[in-house]
Amino acid sequence: MHIGRVIGTIVATRKDERLVGSKLMLTQPLNIDEVPVGDPLIAVDTVGAGIGELVIYAKGTAARHAAEKLQSPIDAAIVGIIDNIDVYRDLIKK
Amino acid sequence: MHIGRVIGTIVATRKDERLVGSKLMLTQPLNIDEVPVGDPLIAVDTVGAGIGELVIYAKGTAARHAAEKLQSPIDAAIVGIIDNIDVYRDLIKK
Amino acid sequence: MHIGRVIGTIVATRKDERLVGSKLMLTQPLNIDEVPVGDPLIAVDTVGAGIGELVIYAKGTAARHAAEKLQSPIDAAIVGIIDNIDVYRDLIKK
Amino acid sequence: MHIGRVIGTIVATRKDERLVGSKLMLTQPLNIDEVPVGDPLIAVDTVGAGIGELVIYAKGTAARHAAEKLQSPIDAAIVGIIDNIDVYRDLIKK
Amino acid sequence: MHIGRVIGTIVATRKDERLVGSKLMLTQPLNIDEVPVGDPLIAVDTVGAGIGELVIYAKGTAARHAAEKLQSPIDAAIVGIIDNIDVYRDLIKK
């Protein structure tokens, strides 16, 4: 899984019917300093994440399990809200 | 899922028979400012997307679910037409 | 799926028996201007592609579907021969 | 699989219920010189890895097999503790 | 699949029990000139590859098929020994 922040939503009236009812959250991947890395992806919310929240997201089949929609076109999902990132920074530079 | 724009089509007479009848859309990945990032991929259209439209595309097994062709060689599919990208830009720089 | 060109073959006498009989094509990923991007991969031919041909290739489980060898170690396959790439170039710079 | 180091943990009270009871380890990908490459990911511990340990991690469906939670949103897991990396360095420069 | 060279092994006493008996080969991805590209990964040997050998490796579910351990945490495997890479170099620059 990865660290991200919900930075917006995608509005799409015409879409696969299995995406209807799912919130399409624009999710910005972050590093451990909460600095953006790479471009945002579209993840389905499965835990009630709000705009601005720091989240855990998963990709691939894991995302369809999270959404409990195994037969859907979902390939990314928010699976947790991060309370805290506990990092031992001296271990990174080693 | 990801944000993209349909920028063309691929013409291929000789192809896997399970691709026959599927529109092979050349899809340019975009960032939230709709600026191209990386190289276009070939995604099967499943929502009636036209040239120039801003779309949501999915990759991997999710794409075969979108196309409802689970036993096919499809690994990317357009799954929605984007009406609007609502971004809270102050959240990105944080 | 992606755009590539067959630039060679891999000769491997000792290999997984499920690869026996499959042609291992060295495939160079290309952008829409047919310029190489990234390093070649090894894709199994499923459409009779020849050296030098412009092809569509798929990755992951999609490749095993293409090869109709679901229980094999194949993770990339050529699934079509490209006749033409129709690009609306003004849509890219937008 | 890949080489990584456990550099911390993720605290998330609100999360997919199938993640409850799993330790979410912040894992830094490393090269063979144990130098960080790319950004940390969140991997579920399945072997009792501690903070600071050098580990093997797997991604995708392999991670759900490791966790023995096939129907879960897990897409990365720690699957071994590395005792030693035996590298023949002259083979790299060849 | 990809081109790589076996450059070492990973010693891990404590690991997922489904990895016991599998040789964990440190595999360096190579380009067609056999020059290293990117960082080594850990692939399970399924064809009797030795240190220094030029190999074909596969990733994802394909690797578990190669190892014939579908329910394992394996996500990369060596699936062939390369005898020769036949490249038509004039096709790359085109």
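Criteria and cut-off values
Residues numbered from 1 in each chain as written. Chains lettered and ligands numbered in written order. Predicted model: local features only at pLDDT ≥ 70, side-chain atom pairs only at ≥ 80, totals over all residues. Heavy atoms only, no water. Helix = DSSP H or I, 4+ residues; strand = E, 2+ residues; numbered from the N terminus. Buried < 20%, exposed > 50% of the residue type's maximum accessible area, 1.4 Å probe, protein only. Contact = heavy atoms within 4.5 Å. Areas by Shrake-Rupley, 256 points an atom, 1.4 Å probe, with all protein chains shown as cover. Polar contact = N/O pair within 3.5 Å; in protein donor to acceptor, adjacent residues only side chain to side chain. Buried area = accessible area lost by both parts, 1.4 Å probe. Salt bridge = Lys/Arg side-chain N within 4 Å of Asp/Glu carboxyl O. Nonpolar A, V, L, I, M, F, W, Y, C, P; charged D, E, K, R; others polar. Least-squares fit on C-alpha atoms with pLDDT ≥ 70 in both. Pairing = 2+ DSSP bridges.

## A short note on the overall build of chain A
Each helix and strand counted, chain A has two helices and six strands in total. The secondary structure elements of chain A, listed N-terminal to C-terminal, are β-β-β-β-α-β-β-α. Seen through its principal axes, chain A has C-alpha atoms that stretch 50 × 25 × 20 Å. The 94 residues of chain A split such that 61% are buried. Within chain A, contacts between residues separated by at least 24 positions form 54% of all contacts whose residues are at least 6 apart in sequence. Accessible surface computed for chain A: about 3,600 Å², of which carbon and sulfur atoms make up 49%.

## Quick notes on the side chain of A:Arg18
If you trace the backbone, A:Arg18 turns up in the loop between strand S1 (2-11) and strand S2 (24-29). Polar contacts involving the side chain of A:Arg18 include one to the side chain of A:Asp16, which spans 2.7 Å. When residues no more than four places from it in sequence are discounted, the contact partners of A:Arg18 are A:Lys69, A:Gln71, A:Ser72, A:Pro73, B:His65, B:Ala66 and B:Glu68.

## Describing the interface of chain A and chain B
Residue-level contacts link 34 residues of chain A with 31 residues of chain B. Between chain A and chain B lies a buried interface of about 2,600 Å² when both sides are counted; carbon and sulfur atoms form 57% of it. The tally of links from chain A across to chain B stands at two salt bridges. Where B:Glu53 meets A:Arg14, a salt bridge forms, and the shortest distance between an N and an O atom there is 3.7 Å. On inspection of chain A and its partner chain B, the count reaches 14 residue pairs in polar contact (both at pLDDT 80 or more).

## What about the interface of chain D and chain A?
With 34 residues of chain D in contact, the opposing surface of chain A contributes 31 residues. Interface area, chain D with chain A, both sides summed: about 2,600 Å², of which 57% is carbon and sulfur. If you list the elements that add at least two residues to the side of chain D that touches chain A, you get strand S1 (2-11), strand S2 (24-29) and strand S3 (41-45) of chain D. A breakdown of the residues in the side of chain D that touches chain A according to their chemical character gives 18 nonpolar, seven polar and nine charged.

## Here's the deal with the pattern of salt bridges
Applying the stated rule across the entire model yields 25 salt bridges over all chains. Between A:Arg5 and A:Glu34 there is a salt bridge, and its shortest N-O distance comes to 2.9 Å. Of this pair, A:Arg5 sits in strand S1 while A:Glu34 sits in the loop between S2 and strand S3 (41-45), placing them 29 residues apart in sequence. On the accessibility criterion, A:Glu34 (29% relative accessible area) is partly exposed. In this structure, C:Asp33 and C:Arg89 form a salt bridge, with 2.8 Å as the shortest nitrogen-oxygen distance. One end of the pair, C:Asp33, is in the loop between strand S2 (24-29) and strand S3 (41-45); the other, C:Arg89, is in the loop between strand S6 (84-87) and helix H2 (90-93), with 56 residues separating them in the sequence. Judged by its relative accessible area of 43%, C:Arg89 is partly exposed.

## Quick look at the relation of the copies chain A and chain B
Overlay of chain A on chain B (RMSD 0.0 Å): rotation 72 degrees, translation along the axis 0.0 Å. Accordingly, the operation relating the two chain copies is best matched by a five-fold axis. Of all interface residues in chain A, a mere 3% are interface residues in chain B too; the two copies therefore contact each other through different surfaces.

## Regarding the arrangement of the chains
Kept free of each other, chain A and chain C leave a smallest C-alpha distance of 12 Å between them. No interface is formed between chain A and chain E, the nearest pair of C-alpha atoms being 12 Å apart.

## Re the environment of A:Ala43
All names here are of chain A. With respect to the secondary-structure elements, alanine 43 resides in strand S3. Between the C-alpha atom of alanine 43 and that of leucine 91, which follows or precedes it by 48 residues, the distance is 31 Å. The contacts of alanine 43, once residues within four sequence positions are left out, are Lys23, Leu24, Met25, Thr27, Ala76, Ala77 and Ile78.

## Observations regarding the environment of B:Ala77
Residue and element names in this part refer to chain B. Note that alanine 77 resides in strand S5 (residues 76-81). Its relative accessible area of 0% is what places alanine 77 among the buried residues. Residues alanine 77 and threonine 46, spaced 31 residues apart in sequence, show a C-alpha to C-alpha distance of 6.8 Å. What alanine 77 contacts, discounting residues up to four positions off in sequence, is Ala43, Val44, Thr46, Ile56, Tyr57, Ala58, Ala63 and Ala66.

## Focus: the pairing of S3(C)
Residue and element names in this part refer to chain C. Most of S3 is tucked away: five of the five residues are buried. By the bridge criterion, four bridges tie S2 to S3 in an arrangement that is antiparallel. Paired with methionine 25 across the bridge in S3 is alanine 43. Where S3 and strand S5 (residues 76-81) come together, two bridges link them in parallel fashion.

## Remarks on the relation of the copies chain D and chain A
Rotating chain D by 72 degrees and translating it 0.0 Å along the rotation axis places it on chain A, where the RMSD comes to 0.0 Å. Both copies present different contact surfaces, since only 3% of the interface residues of chain D are interface residues in chain A too.

## Some thoughts on the pairing of S1(A)
Within S1(A), seven of the 10 residues are buried, leaving the element largely enclosed by the surrounding structure. As paired elements, S1(A) and strand S4 (residues 54-59) of chain A share four bridges and run antiparallel to each other. Bridge pairing in S4(A) places A:His2 opposite A:Tyr57. Here five bridges tie S1(A) to S2(A), and the two strands are oriented antiparallel to one another. Residue pairing in the sheet places A:Thr9 in a bridge with A:Met25 of S2(A). The pairing of S1(A) with strand S6 (residues 84-87) of chain B spans four bridges and is antiparallel. Bridge pairing in S6(B) places A:Val11 opposite B:Asn84.

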